[in-house]
Amino acid sequence: MEHNSPAKDTPQLDDRLPRPCPVCRAFPDKPEIFLEERLDASRLNAYSFASRKTPEYLCHQMLRCPECDVVYVDRPPSQGALAEAYHAADYDSTEEANDAAKSYISAFTSVLNRLEKGDALEIGTGTGIFLEELAGIGFQRVAGIEPSTAAIAAAPANRKPWIREGIFVEQDYQPESFDLVCCFMTMEHVREPREIAESVLRLLKPGGAFLTVTHDYRSPVNRLLGRRSPIVDIEHMQLFSQPSIKALFERSGFVDVQARPFANRYSVRYWSRLMPLPAAIKTPVQSTLSALGLGKLKVSINVGNTAAVGFKPITR
Ligand SMILES: [Zn+2]
């Protein structure tokens, strides 16, 4: 699938200043280069910043912090440039979002069962499908924040009142007001994941939980694919492993932190879109799957994602 856009839609990614490790906030003495920069402005378009799009294999230079194992862009675009890119990003993945929401509910069932079902917040809520799942299991009040206008426009009418358009700002919410805060496939995209985790801690009630799903760059599938992995992408400001997402939670003050691999359930058609193959092969494979009626079949695959949870301490 090709999405060609005129040059005016190309995100502006200038204005890049060096930043420290986004988890431990140090400038490593001997950082390891994890990925060489690979930018090609002619291939950047409005879809480059949409979620679950066809991979493009473009990336900024990424370093690995030897202290906390996170891989990160050391000269990222400014917060403002990123917010603008996501705001303008197109959105075309409602079915995959629905499948993902169901995968997340099953991955976190045991945590969700032990929480008070009062207030829940989702950062990067997309069309709000996960909020609907949370309301379905008994949460009394659900709220989401989403920067993409197109994603919100794709939300059904019943979910629109739950969703605020913009980027997450702690001051928009009351301290200690949430039982649950979720952030799925978003911690890679933000400029300051540590600030977000610390904000979430302040917004949670004591005993409340923060749930994330992140890519695992150390998972076998991502190591196998290397540069052809869908995680190698211009939109990722950092990539986590199980130890580094755990480090992010613990350094931000969360307790009882756990991080483990989990499987996503998606259609065969969507999995085939992620395959690291040239379009000349991918397109006929997809047509064949479609012709056989297999495209809509749902399959669970561990594609190298991590489900992590941490709790706000009850006594401080
Ligand atoms: Zn670090």
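A brief look at the structure comes next. (Residues numbered from 1 in each chain as written. Predicted model: local features only at pLDDT ≥ 70, side-chain atom pairs only at ≥ 80, totals over all residues. Heavy atoms only, no water.)

1. Describing the packing of aromatic side chains
- Throughout the structure, instances matching the rule amount to 11 aromatic pairs.
- Considering the side-chain rings of Tyr-104 and Phe-184, the 4.3 Å spacing of their centres and the 45° angle between planes classify their relative orientation as tilted. One end of the pair, Tyr-104, is in helix H2 (residues 94-107); the other, Phe-184, is in strand S7 (residues 178-184), with 80 residues separating them in the sequence. Assigned by exposure class, Tyr-104 and Phe-184 land together as buried.
- An aromatic cluster of at least three residues, connected via ring pairs, comprises Tyr-104, Phe-108, Phe-130, Phe-184 and Phe-262.
- Its end group placed over the ring of Tyr-173, Arg-164 keeps NZ or CZ at 5.0 Å from the ring centre. (Phe/Tyr/Trp six-rings, centres within 6.5 Å; stacked < 30°, edge-to-face > 60°. Helix = DSSP H or I, 4+ residues; strand = E, 2+ residues; numbered from the N terminus. Buried < 20%, exposed > 50% of the residue type's maximum accessible area, 1.4 Å probe, protein only. Lys NZ or Arg CZ within 6 Å of the ring centre and 35° of its normal.)

2. Considering the coordination of the zinc ion
- Around the zinc ion, the protein contributes the donor atoms Cys-21 (SG), Cys-24 (SG), Cys-65 (SG) and Cys-68 (SG), at 2.1 to 2.3 Å from the metal centre.
- Considering all four donor atoms around the zinc ion, angles at the metal cover 99 to 120° and the coordination shape is tetrahedral.
- Counting the intervening residues between successive donors of the zinc ion yields the motif C-x2-C-x40-C-x2-C. Of the two residues, Cys-21 is situated in the segment before strand S1 (32-35) and Cys-65 in the loop between strand S2 (62-64) and strand S3 (71-73); the sequence distance between them amounts to 44 residues.
- Given a relative accessible area of 1%, Cys-65 falls into the buried group. (Donors = N, O, S within 2.8 Å, 3.2 Å for Na, K, Ca; no water. Tetrahedral: all angles 85-135°; square planar, octahedral: opposite > 155°, others 65-115°.)

3. Some remarks on the nonpolar core
- Core analysis: the biggest nonpolar cluster contains 34 residues, and Ile-123, Phe-210 and Phe-254 have the highest contact counts within it.
- Counting residues per element, this core draws most heavily on helix H6 (residues 193-203), which supplies five residues.
- The contacts of Ile-123, once residues within four sequence positions are left out, are Ile-145, Phe-168, Val-181, Cys-182, Cys-183, Phe-184, Thr-186, Ile-196 and Val-200.
- Counting 28 residues, the second largest nonpolar core, distinct from the first, contains Ile-129, Val-142, Val-213 and Phe-262. (Core = buried A, V, L, I, M, F, W, Y, C linked by side-chain atoms within 4.5 Å. Contact = heavy atoms within 4.5 Å.)

4. Thoughts on the environment of Leu-17
- Tracing the backbone shows Leu-17 in the segment before S1.
- C-alpha separation for the pair Leu-17 and Pro-77, spaced 60 residues apart in sequence, amounts to 7.5 Å.
- Not counting the four nearest positions on each side in its chain, Leu-17 is found in contact with Asp-74, Arg-75, Pro-76 and Arg-191.

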